Amino acid sequence: MRSIMLVVCLVMMLPNTSSATNEDKITLLQRDGRQNEIPLLENRFRIDYKVDEITLLFFRKPGAPAVVLVKPDGSKYYATSARKDDNLQWFDELSYDLITIKQPMPGPWQVVGSILPKSRIVVLGEVELQAEPLPPLLFRGETVKITGQILNDGEPIQVGLFRDVVSLNVDFISTNNSDFANFGAGTQNVAEFKDDGRGFDERPKDGIFTGEFKLVFPAGQWRPELYIETPLLKRTVVQDLIEVKEPPFSYEIALAEDDLQEHQLTITLDNQIVQPDTVLIQGKIYYPNNEEQMFTLDAKNSLTRQLTIKNYDWGRYSIELSVFGTNVNGREFMATLPTYKFEIERPIEVVPELPEPIITPAQQQEIERVAKEAESMATITFISLIVGGNLLVLLLGWLAIRVFVQKKSIMPKINLPFMKKKTAVENEPQSNEKKELDKNGSKSDRSGEILNLSMSDD
């Protein structure tokens with residue numbers, strides 16, 4: 001039993017198919033004879049009875065609905081059929097359908113949908129990723145160019161649309177060596193390249209993925225991994241360990257001693273990594289007053305480069321540096337170095353001291369007298385506050401005892417003349433009533449006597 005992959009895609013040059021017979025329109029897919037491309041005529045193809053599994057990739061107009069597969073018996077496969085059939089896998093993307101069928105029905109098949117015209121079938125064999133190795137000597141900030149290629153049975157895949165769904169990824173994985181600065185840095189995804197002719201890619205649709213990335217992660221020991229991954233396939237290339245070093249440049253700033261001088265930045269090269277006579281430096285200076293200045297330091301046979309910086313007094317200065325040259329292995333490089341910054345503090349203005357006032361003896365005596373009077377008044381005020389506070393506390397205590405303990409009112413009784421007269425008038429009717437009661441024998445006008453309430457025998 002065999003497993004075959006079919007790829008339906010657009011190609012630029014096709015033979016003339018106007019004279020094709022009906023036998024050419026339905027073609028047996030085979031791997032014998034290394035036939036990797038056959039025409040797809042009228043959206044028909046035939047599957048051999050020996051095929052155990054087949055993978056088809058149909059490219060269609062962007063945004064068009066998924067294609068429909070018509071089996072030899074007339075039944076159909078839809079994109080939603082994959083949910084019910086364990087032998088069917090269907091990836092419905094924006095511009096293509098990727099379909100894998102296990103135990104496909106032998107015979108003529110047909111695909112219905114907005115498939116791009118002038119299509120071919122590509123039978124995929126042993127797909128592999130081939131990439132050039134990274135240079136062994138790298139340093140942080142350097143820009144690296146890398147290329148990779150996808151091969152089918154050792155030959156480049158000359159299918160444009162197939163490469164549109166494939167991209168090349170580059171990862172740097174830390175070895176977690178505690179002797180290096182990248183200990184515990186994990187995985188750094190540095191780039192993703194496409195075969196589209198942009199950036200560092202030289203030609204589009206040539207099957208070669210070209211790109212560039214900057215080594216902006218920590219220096220140390222890394223393991224590069226290049227891989228391609230699609231729903232159709234995944235291939236990975238693991239390269240040898242490399243060591244990313246710190247930039248082979250050091251700086252020393254000499255600040256101006258007065259306003260008439262200028263600052264001097266000395267850049268020292270490490271001849272263990274780069275060839276000094278090939279190093280060209282250029283960049284831009286940002287001054288505190290927002291002025292910008294471009295500069296270029298030519299290559300020369302010296303380990304140092306001098307950069308003159310204008311003296312704009314206090315503030316922050318920033319220098320961006322780009323380096324071009326050749327390393328000790330003879331490989332040309334380009335790098336963007338970390339921005340160098342230095343700051344001059346703002347000078348502190350010295351305020352002149354005011355002269356002490358001259359005080360005569362008479363003024364001194366008057367000042368002492370006023371101070372003593374103020375101190376005396378403060379003492380009297382303090383004592384008055386203490387005495388007043390104590391008296392207030394005693395008064396509140398007395399009122400609390402009288403009201404809550406003795407149950408007496410805090411308000412004194414006041415006898416007024418008009419109050420006495422009113423009391424006498426109110427008591428007069430009461431006296432008359434007592435007299436009447438005394439005549440009847442029921443009551444007595446004497447206070448303290450017992451009232452006789454018994455009835456007579458009559």
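Residues numbered from 1 in each chain as written. Predicted model: local features only at pLDDT ≥ 70, side-chain atom pairs only at ≥ 80, totals over all residues. Heavy atoms only, no water.

For the chain, an unreviewed UniProt entry supplies the name TIGR03503 family protein and the organism Pseudoalteromonas neustonica.

UniProt records the feature "transmembrane region" (unreviewed entry) at residues 382–405, using the numbering of this structure. Each end of residues 382–405 is marked by a C-alpha atom, and these two atoms are 34 Å apart; helix forms 100% of the span and strand 0%. (UniProt positions renumbered as here; feature names shortened; annotations may be inferred. Helix = DSSP H or I, 4+ residues; strand = E, 2+ residues; numbered from the N terminus.)

Take the confidence of the model for the chain next. On average, residues of the chain score 76 in pLDDT, and 74% of them reach the 70 mark or higher. Confidence, expressed as mean pLDDT per element, reaches its minimum in the chain at helix α1 (residues 22–25) with 36 and its maximum at strand β23 (residues 280–286) with 94. Taken as a whole, residues 1–38 scores under 50 in pLDDT and shows 105 contacts with residues more than four places along the chain or in a different chain. Taken as a whole, residues 441–451 scores under 50 in pLDDT and shows 14 contacts with residues more than four places along the chain or in a different chain. (pLDDT = per-residue confidence, 0-100. Contact = heavy atoms within 4.5 Å.)

Before going further, it helps to examine the environment of Asn-271. Here Asn-271 shows up in the loop between β22 (263–269) and β23. Residues contacting Asn-271, with those up to four places away along its chain left out, are Pro-276, Leu-303 and Val-328.

Turning our attention to the pattern of salt bridges. Side chains carrying opposite charge are able to pair once their charged atoms draw close together. Under the counting rule described, the total for this entry stands at 10 salt bridges. For Glu-292, the salt bridge goes to Lys-284, with nearest N and O atoms at 3.5 Å. Judged by relative accessible area, Lys-284 falls into the partly exposed class, the value being 21%. The salt bridge partner of Glu-343 is Arg-316, with a shortest N-O separation of 3.6 Å. Here Glu-343 is found in strand β27 (residues 332–344), whereas its partner Arg-316 is found in strand β26 (residues 315–326), with 27 residues between them in sequence. If you follow the salt bridges from partner to partner, you end up with Arg-60, Asp-92 and Asp-97 in one network. (Salt bridge = Lys/Arg side-chain N within 4 Å of Asp/Glu carboxyl O. Buried < 20%, exposed > 50% of the residue type's maximum accessible area, 1.4 Å probe, protein only.)

Judged by nonpolar contacts, the single largest core of 26 residues is most densely connected at Ile-267, Ile-281, Phe-295, Leu-307, Ile-309 and Ile-319. Those elements that place two or more of their residues in this core are β12 (137–139), β22, β23, β24 (292–297), β25 (304–309), β26 and β27. With 6 residues, β27 is the single largest residue contributor to this core. Apart from residues no more than four positions distant in its own chain, Ile-309 is found in contact with Ile-253, Glu-262, His-263, Leu-265, Ile-285, Tyr-287, Tyr-317, Ile-319 and Phe-342. One finds Val-127, Val-170, Phe-217 and Leu-226 within the second-largest nonpolar core, a separate group that totals 23 residues. (Core = buried A, V, L, I, M, F, W, Y, C linked by side-chain atoms within 4.5 Å.)

This part takes up the layout of surface pockets. By volume, the largest pocket amounts to about 260 Å³. Contributing to the lining of the largest pocket are 15 residues, with Thr-143, Lys-145, Arg-331, Glu-332 and Phe-333 lying nearest its centre. Within the residue set of the lining of the largest pocket, elements represented by two or more residues are β13 (142–152), β26 and β27. The biggest single contributor to the lining of the largest pocket is β13, with 4 residues. By residue class, the composition of the lining of the largest pocket is 8 nonpolar, 3 polar and 4 charged. (1 Å grid on protein atoms, 1.4 Å probe; cavity = no way out; pocket = protein on both sides within 12 Å on 5 of 7 lines; lining within 4 Å. Points joined across faces, edges and corners; volume = space filled by probe spheres on them. Nonpolar A, V, L, I, M, F, W, Y, C, P; charged D, E, K, R; others polar.)

For the rest of this paragraph, the subject is the pairing of β26. Sheet analysis places β23 next to β26, joined by 7 bridges and oriented antiparallel. Residue pairing for β26: Gln-282 is matched across the bridge by Ser-322. The antiparallel pairing of β26 with β27 creates a hairpin that spans 5 residues between the two strands, and Gly-330 there sits at a positive phi of about 85°. (Pairing = 2+ DSSP bridges.)

It is worth spelling out the side chain of Thr-210 at this point. Along the chain, Thr-210 falls in strand β17 (residues 208–214). Since its relative accessible area comes to 5%, Thr-210 is described here as buried. Setting aside residues no more than four positions away along its own chain, Thr-210 makes contact with Lys-145, Ile-146, Thr-147, Phe-193, Lys-194, Phe-200, Asp-201 and Glu-202.

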